[in-house]
Amino acid sequence: MSTVSVTTWSLRQTSPADLRPAAEPGAGVRIVRSRVASPEFSRFLYTAVGGDVAWTDRLGLGYEEWRALVDAPGVETWVAYEDGTPAGYAELAAREGGAVEIVYFGLLPAFRGRRIGGHLLAYATARAWDLGERWPEVGATELVWLHTCSKDGPHALGNYLRRGFTVFDERVEPEPAADLPGPWPGAHATHVRANVTETTSSH
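Attention in this report is confined to the structure presented alongside it. Sequence order as written defines the numbering, with residues in each chain counted from 1. Where totals are concerned, whole chains, interfaces and linings use all residues; where local detail is concerned, this predicted model gives features only for residues with pLDDT of at least 70, and gives and counts side-chain atom pairs only at 80 or more. Excluding hydrogens and water, the side-chain figures rest on all heavy atoms present in the structure.

**Quick notes on unusual backbone geometry**
Selection criterion: Secondary structure elements are taken from DSSP: a helix is a run of H or I of four residues or more, a strand is a run of E of two residues or more, and numbering for both begins at the N terminus. Each residue is assigned to one of three classes by its accessible area relative to the maximum for its type, calculated with a 1.4 Å probe on protein chains only: buried under 20%, partly exposed between the two thresholds, exposed over 50%.
Although it is not a glycine, Asp-83 adopts a positive phi angle of roughly 50°. Here Asp-83 is to be found in the loop between strand S3 (75–82) and strand S4 (85–94). Look at Arg-115: it is not a glycine, yet its phi comes out positive at around 70°. For Arg-115, the location among the structural elements is in the loop between strand S5 (99–107) and helix H3 (116–129). The class of Arg-115 is exposed, set by a relative accessible area of 53%.

This is the structure:
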């Protein structure tokens, strides 16, 4: 089996003062917390955002396994919408020692490159810092951290750095080369982008 070299960066903020704001996106963009734990909706976001950047670690989970992850104390899903359509999301999870991990973050392919990502990341990071206000049982946030890797695309690391995250670990490891799963079997990001662009331009 062939392999590819993948660089993984671990990043963190150690104070809310580290967070840097982002440019505002268009007027039709809003960010809403998904308050009802839904494995179906979570899996939709995961596959739609991660299908072309090799997110595969959760694809084998069953319904109850997925529910246990999204319904745990201190776990939140924040979704960006543009004119009512999901554009991207961030999943936050409280960890031990006052840490909050941004477990997943990203945009659907058709919404990338439109200033939504920076705005969503800044908003989600702020919610990571005040997560303890909504979940008193997990305590105050003392650290916000995340992982990103070279498979996430050429602009992912830069977005995190611009929002005030700093790299505290970097490693390069070989991984098995695999076909991208797409949001569903046989689908590709270019097809999704073309369809959405065509629909948007017709109005």
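**Digging into the environment of Trp-78**
Rule in force here: Should any heavy atoms of two residues lie within 4.5 Å, those residues are counted as being in contact. Counted as a polar contact is a pair of N or O atoms within 3.5 Å, where, for protein atoms, one must be capable of donating a hydrogen and the other of accepting one, and residues adjacent in sequence contribute only when both atoms are in side chains.
Turning to its location among the elements, Trp-78 is positioned in strand S3. Taking C-alpha positions, Trp-78 is 8.6 Å from Leu-120, a pair spaced 42 residues apart along the chain. Discounting residues that sit within four places of it in the chain, Trp-78 has contacts with Ile-31, Val-32, Arg-33, Gly-88, Tyr-89, Ala-90, Leu-92, Leu-120, Tyr-123, Arg-127 and Arg-134. Reaching out from Trp-78, the side chain makes a polar contact with the side chain of Glu-76 at a distance of 2.9 Å.

**Regarding the sheet that holds strand S6 (residues 143–149)**
Stated precisely, the cut-off is as follows: Strands are treated as partners if at least two bridges between them are detected by DSSP. Think of each axis as a best-fit line through the C-alpha atoms, taken over the contacting stretch in the case of a helix, with angles from 0 to 180 degrees between the N-to-C directions.
Here 7 strands make up an open sheet; going across it, the order is S2-S3-S4-S5-S6-S1-S7 and the pairing mixed. Every other strand in the sheet has two partners, leaving strand S2 (29–33) and strand S7 (166–176) as the edge strands with one partner each. On average, adjacent strands in this sheet sit at an angle of 20° to one another, irrespective of strand direction.

**As for the side chain of Thr-77**
With respect to the helices, strands and loops of the structure, Thr-77 is situated in strand S3. If we ignore the near neighbours within four places in the chain, the residues touching Thr-77 are Val-32, Arg-33, Ser-34, Leu-45, Tyr-89, Ala-90 and Glu-91.

**Looking at empty space enclosed by the protein**
In plain terms, the rule: Lining residues are defined by having an atom within 4 Å of a point belonging to a cavity or pocket. Those points lie on a 1 Å grid over the protein atoms alone, cavities being sets where a 1.4 Å probe fits but cannot get out and pockets being open sets with protein on both sides within 12 Å along at least five of seven lines. Grid points are joined across faces, edges and corners, and a volume is the space filled by probe spheres set on the points. Following the grouping adopted for this structure description, the nonpolar residues are Ala, Val, Leu, Ile, Met, Phe, Trp, Tyr, Cys and Pro, the charged ones are Asp, Glu, Lys and Arg, and the polar ones are all others, Gly among them.
Applying the stated rule across the entire model yields 1 cavity of 30 Å³ or more. Within this model, the largest cavity holds a volume of roughly 40 Å³. For the largest cavity, the full set of lining residues is Ala-94, Arg-95, Gly-98, Ala-99, Val-100, Val-138, Gly-139, Ala-140 and Thr-141. A breakdown of the residues in the lining of the largest cavity according to their chemical character gives 5 nonpolar, 3 polar and 1 charged.

**A short note on the packing of aromatic side chains**
Rules: Aromatic pairing here means that ring centres of Phe, Tyr or Trp (its six-membered ring) are within 6.5 Å. Orientation follows from the plane angle: under 30 degrees is stacked, over 60 is edge-to-face, and everything else is tilted.
Scanning the entire structure with this criterion turns up 9 aromatic pairs. Ring plane angle 70° and centroid distance 6.5 Å describe the contact between Trp-55 and Tyr-89, whose orientation is recorded as edge-to-face. Here the residue Trp-55 occupies a position in the loop between helix H1 (39–50) and helix H2 (63–70), and Tyr-89 occupies one in strand S4, the gap between them amounting to 34 residues. Look at Trp-55 and you get buried, because its relative accessible area is 11%. Judged by relative accessible area, which is 1%, Tyr-89 ranks as buried. Here the aromatic cluster, defined as three or more aromatic residues joined through ring pairs, consists of Tyr-46, Trp-55, Trp-66, Tyr-89 and Tyr-104.

**Focus on the pattern of salt bridges**
Threshold: A pairing counts as a salt bridge when a side-chain nitrogen of Lys or Arg comes within 4 Å of a carboxyl oxygen of Asp or Glu.
Under the criterion given, the structure shown has 10 salt bridges. Ionic pairing is found between Asp-169 and Arg-171, a salt bridge with its closest N-O pair at 3.9 Å. Asp-169 gets classed as partly exposed once you look at its relative accessible area, which sits at 32%. Residues joined in a network through salt bridges with shared partners are Arg-33, Glu-76, Arg-127, Asp-130 and Arg-134.

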